[in-house]
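Observations on the three-dimensional arrangement
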Amino acid sequence: MYKHFLVPTDGSALSNAAVKKAMEFARGMGAKVTVLTVVEPFRVLSINPEQLENTRAEFDRHADLVADKVLRDAEEVAAAIGITCSTLRMKSSDPAKAIVEVAASNDCDLIAMASHGREGFKAFMIGSVTMKVLANSKLPVLVYREP
């Protein structure tokens, strides 16, 4: 049915759980997996405390280290499950748009991702990447929520 999953992750505990579940599902289907992490650029005006405390160079260096760790962790999960995965890291101020574009340009046929379940004011202020992907993707989106 599905042959190529795109699995976006931000490295959070919930995303890590979704990565593992998506890889187990992919293994069962014989599908390949591409793991994506999107690094948002430094902003002078931000609600993200890390961006308020760091300079642009410090933020970029830290963001690159975090992205590398997120992707390395995903590769370790894949190895433990017995599959291989490819990894991608990109910078974008619109992670949802980047996810949809990467899925299309890599011939993925399913996006499997976590949802933090933000609602109301939090969803409005912070945004829901998953909701934006659901609204804009032409591909099926499998959403993992913590049980």
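Look up a bit, the structure's there.
Just so we're clear, the structure is a prediction, and the values are computed from it rather than from any experiment.

**Details of unusual backbone geometry**
- Within the chain, aspartate 107 stands out as a residue other than glycine whose phi angle is a positive 55 degrees.
- Secondary-structure assignment places aspartate 107 in the loop between α4 (95–105) and β4 (110–114).
- A residue is classified by how much of its surface remains accessible, and aspartate 107, at 66% relative accessible area, is exposed.

**Some remarks on a nonpolar patch on the surface**
- Together, Met131, Leu134 and Val143 give the surface a local cluster of nonpolar side chains, amounting to about 250 Å² of exposed area.
- Within the secondary structure layout, leucine 134 lies in helix α6 (residues 129–136).
- For leucine 134, a relative accessible area of 40% corresponds to the partly exposed category.

**Points about the packing of α4 against α6**
- Here α4 crosses α6 at 45 degrees, and the two axes come no closer than 8 Å. As summarised for this structure, α4 and α6 are arranged oblique, according to the angle between their axes. The handedness of the crossing between α4 and α6 comes out as right-handed. Counting all contacts with α4, which are made through Pro95, Ala96, Ile99 and Val100, the residues of α6 involved are Val129, Lys132, Val133 and Asn136.
- Looking at the contact of α4 with α6 residue by residue, the classes come out as six nonpolar, one polar and one charged.

**Regarding the nonpolar core**
- Of all hydrophobic cores here, the largest spans 18 residues; its most connected members are Phe5, Val7, Met23, Val33, Val35, Ile83 and Cys85.
- Those elements that place two or more of their residues in this core are β1 (4–8), α1 (13–29), β2 (32–39), α3 (56–81) and β4.
- With 14 residues, the next largest nonpolar core counts Leu36, Ala96, Ile99 and Met113 among its residues.

**Digging into α3**
- Look at α3: 37 Å from first C-alpha to last across 26 residues, which is about the 38 Å you get at 1.5 Å a residue.
- Considered for burial, the residues of α3 that qualify are Phe59, Ala63, Ala67, Val70, Leu71, Ala74, Ala78 and Ile81.

**Quick look at the packing of aromatic side chains**
- Enumeration over the complete set of coordinates arrives at two aromatic pairs.
- Measuring from ring centre to ring centre gives 5.5 Å for phenylalanine 5 and phenylalanine 25, while their planes differ by 50 degrees; the resulting arrangement is tilted. You can see phenylalanine 5 sitting in strand β1 and its partner phenylalanine 25 sitting in helix α1, a full 20 residues away along the chain.
- When its relative accessible area of 0% is taken as the criterion, phenylalanine 5 is described as buried.
- According to the relative accessible area criterion, phenylalanine 25 is partly exposed, its value standing at 34%.
- One aromatic cluster is present, formed by Tyr2, Phe5 and Phe25 through successive ring pairs.

Rules used in this analysis
Residues numbered from 1 in each chain as written. Predicted model: local features only at pLDDT ≥ 70, side-chain atom pairs only at ≥ 80, totals over all residues. Heavy atoms only, no water. Helix = DSSP H or I, 4+ residues; strand = E, 2+ residues; numbered from the N terminus. Buried < 20%, exposed > 50% of the residue type's maximum accessible area, 1.4 Å probe, protein only. Patch = residues over 30% accessible without salt bridge, like charges linked within 9 Å, V, L, I, M, F, W, Y side chains within 5 Å. Areas by Shrake-Rupley, 256 points an atom, 1.4 Å probe, with all protein chains shown as cover. Salt bridge = Lys/Arg side-chain N within 4 Å of Asp/Glu carboxyl O. Axes fitted to C-alpha atoms, helices over the stretch in contact; angles between N-to-C directions. Parallel < 35°, antiparallel > 145°, perpendicular 65-115°, else oblique. Left-handed = near helix turned anticlockwise from the far one by under 90°. Contact = heavy atoms within 4.5 Å. Nonpolar A, V, L, I, M, F, W, Y, C, P; charged D, E, K, R; others polar. Core = buried A, V, L, I, M, F, W, Y, C linked by side-chain atoms within 4.5 Å. Expected span 1.5 Å × (residues − 1). Phe/Tyr/Trp six-rings, centres within 6.5 Å; stacked < 30°, edge-to-face > 60°.

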